[in-house]
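Reading the structure
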Amino acid sequence: MKKLINSAAVELRKTIFSYGFILCILITCLLCFTSSVYTDSFTGKEYSVFEVIANKSRSVFSSFTSSQLLRTSVSPYITIFIPVLSSLPFVTGFCAERLGGNMRFVIIRSGKYKYCVSKFISAVLSGGTAVMSGFMLYSIAICFSFSNEGLSAIELIKMYIGMGIYGMISVLPAFFLSAFIRNKYMICCFPFIFMHFYYTTVSKVQDIFNARDRWDIVIKMYFLYPSNIKEVLFDVNAGIIIYHAVLAIAALVGFTVIMNRRLDYGQ
């Protein structure tokens, strides 16, 4: 166990001190500002956080609080791009290690299974930490720009943890793909394509049940949306926890099996 902890700590340090980690933080923060937080009932125009801040002098926006904005700050852009962003810290280092031939030396020191588990730990923790840090930067800007009335420290901490868990879950597709794809750009792009297809499919299925007035099934299907896991501390949902826990275990098992089937563990 001590060897596994040391190995995971080394891997985590490598992912955190990488340009991918910094990029994830900055882009996540910027994407939060693109979230649509207000729709004009007369014109139908949607206003992003950027536009709300720019037009803060208008009476309709002056009453906005930081709590309102922070709770609605996961835009469709974030939903689509988070699987790409959260994977940057892990993928950049892992692909460099593989292409450079250093993988075999690391495996010899730690062992095959400990190597896979430590990579999993570093991937999910670095992705979750980067996404949470980006949201924290955004929240600081919002708290300085708007009234903090009704926003408690406990609520803010729950938001941070929720975004961290969201980032951890979002890195799973890229982590699994990295077991058999060496190109870091392909590893990052495939989750983007897959998640777009996934969200479209789930939405279409919900539309079918909507047309049949089966609202009970539509509501139950919300656990299929990864973005909803950020609310798990506000509204505990066993379904969404079990679903994503199973996905995490499946990603780890799949990664381990594929990596250990190689004849040359350094390739």
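Read on for a plain summary of the structure.

How each quantity is defined
- Residues numbered from 1 in each chain as written.
- Predicted model: local features only at pLDDT ≥ 70, side-chain atom pairs only at ≥ 80, totals over all residues.
- Heavy atoms only, no water.
- Phe/Tyr/Trp six-rings, centres within 6.5 Å; stacked < 30°, edge-to-face > 60°.
- Helix = DSSP H or I, 4+ residues; strand = E, 2+ residues; numbered from the N terminus.
- Buried < 20%, exposed > 50% of the residue type's maximum accessible area, 1.4 Å probe, protein only.
- Lys NZ or Arg CZ within 6 Å of the ring centre and 35° of its normal.
- Salt bridge = Lys/Arg side-chain N within 4 Å of Asp/Glu carboxyl O.
- Axes fitted to C-alpha atoms, helices over the stretch in contact; angles between N-to-C directions.
- Parallel < 35°, antiparallel > 145°, perpendicular 65-115°, else oblique.
- Left-handed = near helix turned anticlockwise from the far one by under 90°.
- Contact = heavy atoms within 4.5 Å.
- Expected span 1.5 Å × (residues − 1).
- Patch = residues over 30% accessible without salt bridge, like charges linked within 9 Å, V, L, I, M, F, W, Y side chains within 5 Å.
- Areas by Shrake-Rupley, 256 points an atom, 1.4 Å probe, with all protein chains shown as cover.
- Core = buried A, V, L, I, M, F, W, Y, C linked by side-chain atoms within 4.5 Å.
- Polar contact = N/O pair within 3.5 Å; in protein donor to acceptor, adjacent residues only side chain to side chain.
- Pairing = 2+ DSSP bridges.

1. Topic: the packing of aromatic side chains
- Taken as a whole and assessed by the stated rule, the structure comprises 16 aromatic pairs.
- Both rings, one in F90 and one in F175, keep their centres 5.6 Å apart while their planes meet at 50°; by these two values the pair is tilted. Residue F90 is located in helix α7 (residues 88-100), and its partner F175 is located in helix α11 (residues 172-177); the two are separated by 85 residues in the primary sequence. Like F90, the residue F175 is buried in the burial classification.
- Ring geometry for F135 versus Y138: centroids 6.0 Å apart, planes at 45°, classification tilted. Of this pair, F135 and Y138 are both found in helix α9 (residues 112-145), three residues apart, which corresponds to roughly one turn of the helix.
- By the ring-pair criterion, three or more aromatic residues cluster together here, those being F33, F50, F135, Y138 and Y160.
- A cation over a ring is seen here: K45 above Y47, with NZ or CZ 5.1 Å from the ring centre.

2. Overview of unusual backbone geometry
- One non-glycine residue, D213, adopts positive backbone phi at about 60°.
- Relative to the assigned elements, D213 resides in the loop between α12 (184-211) and α13 (215-220).
- A relative accessible area of 56% places D213 in the exposed class.

3. Some thoughts on the pattern of salt bridges
- The tally for this structure, following the rule as stated, stands at seven salt bridges.
- Taking the shortest distance from any N to any O, the salt bridge between E11 and K14 comes out at 3.4 Å. Of this pair, E11 and K14 both sit in helix α1 (residues 2-16), separated by three residues, roughly a single helical turn.
- What makes E11 buried here is its relative accessible area of 3%.

4. Looking at the packing of helix α2 (residues 19-32) against α7
- At a minimum axis separation of 7 Å, α2 and α7 run at an interaxial angle of 160°. The orientation of α2 relative to α7 falls into the category roughly antiparallel. With respect to the hand of their crossing, α2 and α7 are arranged in right-handed fashion. Judged by residue contacts, Y19, G20, F21, L23 and C24 of α2 engage L88, P89 and T92 from α7.

5. Structural notes on helix α14 (residues 238-260)
- In this model, α14 (23 residues) spans 33 Å end to end at C-alpha, consistent with the 33 Å of a helix rising 1.5 Å per residue.
- Contacts made by the buried residues of α14 are with α7, α8 (103-110), α9, α10 (153-170) and α11.

6. Comments concerning a nonpolar patch on the surface
- Taken together, the side chains of Y19, I22, L23, L26, I27, L137, I140 and F144 present a nonpolar region at the surface, about 790 Å² in accessible area.
- For the nonpolar patch, the secondary-structure elements that each account for two or more residues are α2 and α9.
- Residue contributions to the nonpolar patch peak at five residues, all from α2.

7. Structural notes on the nonpolar core
- With 70 residues, the main nonpolar core has L70, Y115, F135, Y138, I142 and M259 as its most contacted residues.
- Top contributing element to this core by residue count: α9, with eleven residues.
- Each residue touching Y115, except ones within four places of it in the same chain, is listed here: F94, E97, M103, V106, I107, S110 and M259.

8. A closer look at the environment of S126
- Examined against the element boundaries, S126 turns out to sit in helix α9.
- Among the residues examined, S126 registers a relative accessible area of 0% and is labelled buried.
- With 42 residues separating them in the primary sequence, S126 and M168 have C-alpha atoms 7.8 Å apart.
- Among residues more than four places away in sequence, those in contact with S126 are L12, T15, F21, P89 and F90.
- Within the local environment of S126, its side chain forms a polar contact with the backbone oxygen of S122, the two atoms lying 2.6 Å apart.
- Of the polar contacts made by the side chain of S126, one reaches the backbone oxygen of A123; its length is 3.2 Å.

9. What to know about the pairing of strand β1 (residues 36-39)
- In this structure, β1 lies alongside strand β2 (residues 46-48), joined through three bridges in antiparallel fashion. Looking at β2, one finds that Y38 is bridged to Y47.
- Counting the residues between successive antiparallel strands, the hairpin from β1 to β2 contains six residues, one of them, G44, with a positive phi of roughly 80°.

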